[in-house]
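# Residue-level structural notes
Each chain is listed here by its residues.
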Amino acid sequence: MRVFHGFEALPHFTHPAVTVGSYDGVHSGHLKLLRTVTAAARGQGGESIVFTFEPHPRITLGKADGLRLLTTLDEKICLLERLGIDNLVIIPFDRAFSRLAPDEFVRDCLVGHTGAETLVVGFNHRFGHNKQGSYDYLDSHGFGLRVIEVSECDVDAEKVSSTVIRRLVEKGEMARAAHLLSHPYLVIGRAQRNRIRVDDPLKLLPPPGEYDAHINGKPARLTVDAAQELITRDILPEGRVVITF
Ligand SMILES: Cc1cc2nc3c(=O)[nH]c(=O)nc-3n(C[C@H](O)[C@H](O)[C@H](O)COP(=O)(O)O)c2cc1C
Ligand SMILES: Nc1ncnc2c1ncn2[C@@H]1O[C@H](COP(=O)(O)OP(=O)(O)O)[C@@H](O)[C@H]1O
């Protein structure tokens, strides 16, 4: 997967199919869109592009109050890569960007900068200044784009959203969280002896307690302490570690 920062210096994309969103957690609902965008790209002999935002829009818009995220940017890249997405474009979500009207965003950013031919959106997707854009808006304005709307994906008749999964992780219900994510809860940190630190203060960790997890693919018993440090029984090689719950 190629990763680009911002709209400047993007290459020429071949018949791209695109999707846009925060994609926090890259959960089962997101998966349905990501599979659709991949299939659409293949169907038109082109490549898939995911646009995501950094920082999370709610932070820029001052609506973050205590927000913790399921995925850091590093983790999101890892998860999208595994799904076979061809390109990721990370959009700096600043105040000026948030003021773009829906038509400016679609015309200038999606079509203008990437030549998007197909746009995949979820059932509740909103975009553009004050969230004025939606599937209906796209459908009625055309923009010369094929727009595919993906219906809501539930798991066991339960709504799947980043918010629902955040609540499960906050309660330490890691098996249920993994079920709604459709993959284990991922934490990428840095090991020093038997301690693992996560540098991003926005990363949501499970509450203090003991957990069965995997560290770099090996089963391990892990303690999360009150200072949100992760402690193992064994000494780990120093550096980047991948933990899955
Ligand atoms: C160009 C562009 C501008 C946006 N502007 C706003 C905005 O002004 N206010 C807003 O709440 N969301 C805006 N969004 C939507 C956010 O990306 C995000 O979907 C939304 O903030 C999610 O809100 P929620 O977490 O409260 O559901 C914009 C999206 C795009 C692509
Ligand atoms: N459970 C779900 N089923 C289907 N689509 C979903 C689901 N949850 C989210 N989506 C879609 O995934 C895309 C990205 O979602 P998200 O990152 O939560 O949205 P936003 O960019 O508005 O924060 C959106 O198009 C949204 O409609």
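Residues numbered from 1 in each chain as written. Chains lettered and ligands numbered in written order. Predicted model: local features only at pLDDT ≥ 70, side-chain atom pairs only at ≥ 80, totals over all residues. Heavy atoms only, no water.

The protein chain has the name Bifunctional riboflavin kinase/FMN adenylyltransferase in an unreviewed UniProt entry, where Alistipes finegoldii is given as its organism.

## Quick notes on the overall build of the protein chain
Our working definition: Comment: elements are numbered from the N terminus, with helices defined as DSSP H or I runs of at least four residues and strands as E runs of at least two. To get the radius of gyration, use the C-alpha atoms; to get the globule rule, take the number of residues to the power 0.38 and multiply by 2.2 Å. Exposure categories follow from relative accessible area, calculated using a 1.4 Å probe and restricted to protein chains: below 20% of the type maximum is buried, above 50% is exposed, and the middle band is partly exposed. Only heavy atoms matter for contacts: two residues are in contact if any of them lie within 4.5 Å across the pair.
Check the secondary structure of the protein chain and you find eight helices and 14 strands. Its C-alpha radius of gyration of 19 Å places the protein chain within 12% of the 18 Å reference for a compact globule of 245 residues. Along the longest, intermediate and shortest principal axes, the C-alpha atoms of the protein chain span 60 × 35 × 30 Å. Classification of the 245 residues of the protein chain by burial places 50% in the buried group. Long-range contacts, defined as pairs at least 24 residues apart, comprise 72% of the intrachain contacts of the protein chain with a sequence gap of at least 6.

## Considerations on the site of ligand 1
For clarity, the cut-off: Only heavy atoms are used to decide nearness, and a residue is near a molecule or strand if one of them lies within 4 Å of it. Two N or O atoms form a polar contact when they lie within 3.5 Å of each other; inside protein one atom must be a possible hydrogen donor and the other a possible acceptor, and for residues adjacent in sequence the pair counts only when both atoms belong to side chains. Each accessible area value is a Shrake-Rupley result obtained with a 1.4 Å probe; residue values ignore everything except the protein chains displayed when judging cover. Residues are said to line a cavity or pocket when one of their atoms sits within 4 Å of a point; the points come from a 1 Å grid over protein atoms alone, cavities being sets where a 1.4 Å probe fits but cannot get out and pockets being open sets with protein on both sides within 12 Å along at least five of seven lines. Whether a molecule lies in a cavity or pocket depends on its atoms, and more than half of them have to be within 2 Å of the grid points. Note on residue classes: Ala, Val, Leu, Ile, Met, Phe, Trp, Tyr, Cys and Pro are nonpolar, Asp, Glu, Lys and Arg are charged, and everything else, Gly too, is polar.
Taken together, 16 residues sit near ligand 1, with Arg-58, Lys-63, Ser-98, Gly-128 and Asn-130 positioned nearest. Between ligand 1 and the protein, one listed contact pairs an oxygen atom with a side-chain N or O atom of Arg-58 at 3.0 Å. Separating a nitrogen atom of ligand 1 from a backbone N or O atom of Gly-128 is a distance of 3.1 Å. Summarising the interface, the protein chains cover 83% of the accessible area of ligand 1, which totals 610 Å² for the free molecule. When atom positions are compared with the pocket grids, ligand 1 is found to occupy the largest pocket. Of all the elements in the fold, those that place two or more residues in the shell around ligand 1 are helix 2 (57–60) and helix 4 (95–98). By residue class, the composition of the shell around ligand 1 is eight nonpolar, four polar and four charged.

## Some remarks on the domain arrangement of the protein chain
Spelled out, the test is: Just so you know, the domain bounds were taken from an automatic or database domain assignment. Here the quantity called buried area is the total loss of accessible area, with a 1.4 Å probe, experienced by two parts when brought into contact, counted for both. We define a salt bridge as a side-chain nitrogen of Lys or Arg found within 4 Å of a carboxyl oxygen belonging to Asp or Glu.
Partitioning the protein chain into structural domains gives domain 1 (1–154) and domain 2 (184–242). Domain 1 and domain 2 are separated by 30 Å when their C-alpha centres are compared. Both faces combined, the contact of domain 1 with domain 2 buries some 1000 Å², and carbon together with sulfur accounts for 61% of it. Interface area lost by domain 1 to domain 2 is led by Arg-68, Leu-70 and Glu-75, which between them contribute 45%. Between domain 1 and domain 2 we count two salt bridges in total. Between Arg-240 and Asp-74 there is a salt bridge whose closest N-O contact spans 3.3 Å. Here domain 1 is connected to domain 2 by eight residue pairs in polar contact (both at pLDDT 80 or more).

## Observations regarding a positive patch on the surface
To be explicit about the condition: Patch membership requires over 30% relative accessible area and the absence of a salt bridge. Like charges are linked within 9 Å, and nonpolar side chains (Val, Leu, Ile, Met, Phe, Trp, Tyr) within 5 Å. Only four residue types enter the tally: Lys and Arg on the positive side, Asp and Glu on the negative side; His and the chain ends are excluded. Where a charge lies is defined by one atom per residue type, namely NZ (Lys), CZ (Arg), CG (Asp) and CD (Glu).
On the surface, Arg-58, Lys-63, Arg-126 and Lys-131 cluster together to form a positively charged patch. Looking at where Lys-63 falls in the secondary structure, it is placed in the loop between helix 2 and helix 3 (73–82).

## Points about the sheet that holds strand 12 (residues 218–224)
Hydrogen bonding along the main chain pairs the strands of a sheet, whether they run parallel or antiparallel. Test applied: Strand pairing is assigned whenever DSSP detects at least two bridges linking the two strands. The axes are straight lines fitted to the C-alpha atoms, using for helices just the contacting stretch, and the angles between their N-to-C directions are given from 0 to 180°.
What the six strands build is a closed barrel, ordered 9-10-13-12-11-14; its pairing is antiparallel. Each strand axis lies, on average, 45 degrees off the axis of its neighbour in the sheet, ignoring direction. The pairing of strand 11 (residues 209–215) with strand 14 (residues 239–244) spans two bridges and is antiparallel. When the bridges of strand 14 are listed, Ile-215 appears paired with Ile-243. Along the sheet face, helix 3 touches strand 9 (186–192) and strand 14 and points at about 125 degrees away from the line of strand 9.

## Here we look at the UniProt feature "domain: FAD synthetase" (unreviewed entry) in the protein chain
Condition: UniProt positions are given in the numbering used here, feature names are shortened, and annotations may be inferred rather than shown by experiment.
The UniProt feature table records "domain: FAD synthetase" (unreviewed entry) at residues 17–163. Secondary structure within residues 17–163 divides into 38% helix and 21% strand; the distance between the first and last C-alpha atoms comes to 27 Å.

## Overview of helix 5 (residues 102–114)
Which entries qualify depends on this criterion: Directions drawn from the helix axis to the C-beta atoms are what define this arc.
Listed in full, the buried residues belonging to helix 5 are Pro-102, Phe-105, Val-106, Cys-109, Leu-110 and Thr-114. One side of helix 5 carries all its buried residues, which in axial view fall inside an arc of 115 degrees. Gly-115 sits one or two residues past helix 5 and shows a positive phi near 70 degrees.

## Thoughts on the nonpolar core
Where we set the bar: Nonpolar cores are built from buried Ala, Val, Leu, Ile, Met, Phe, Trp, Tyr and Cys residues. Side-chain atoms within 4.5 Å join them into one set.
Counting 28 residues, the largest nonpolar core has Tyr-185, Ile-196, Ile-243 and Phe-245 as the members making the most contacts within it. Elements that contribute at least two residues to this core include exactly helix 7 (162–170), helix 8 (174–181), strand 9, strand 11, strand 12 and strand 14. Excluding anything up to four places from it in sequence, Ile-196 contacts Gly-189, Arg-190, Ala-191, Ile-215, Leu-222, Glu-229, Leu-230, Thr-232, Leu-236, Val-241 and Ile-243. With 27 residues, the next largest nonpolar core counts Val-20, Ile-91, Cys-109 and Ala-116 among its residues.

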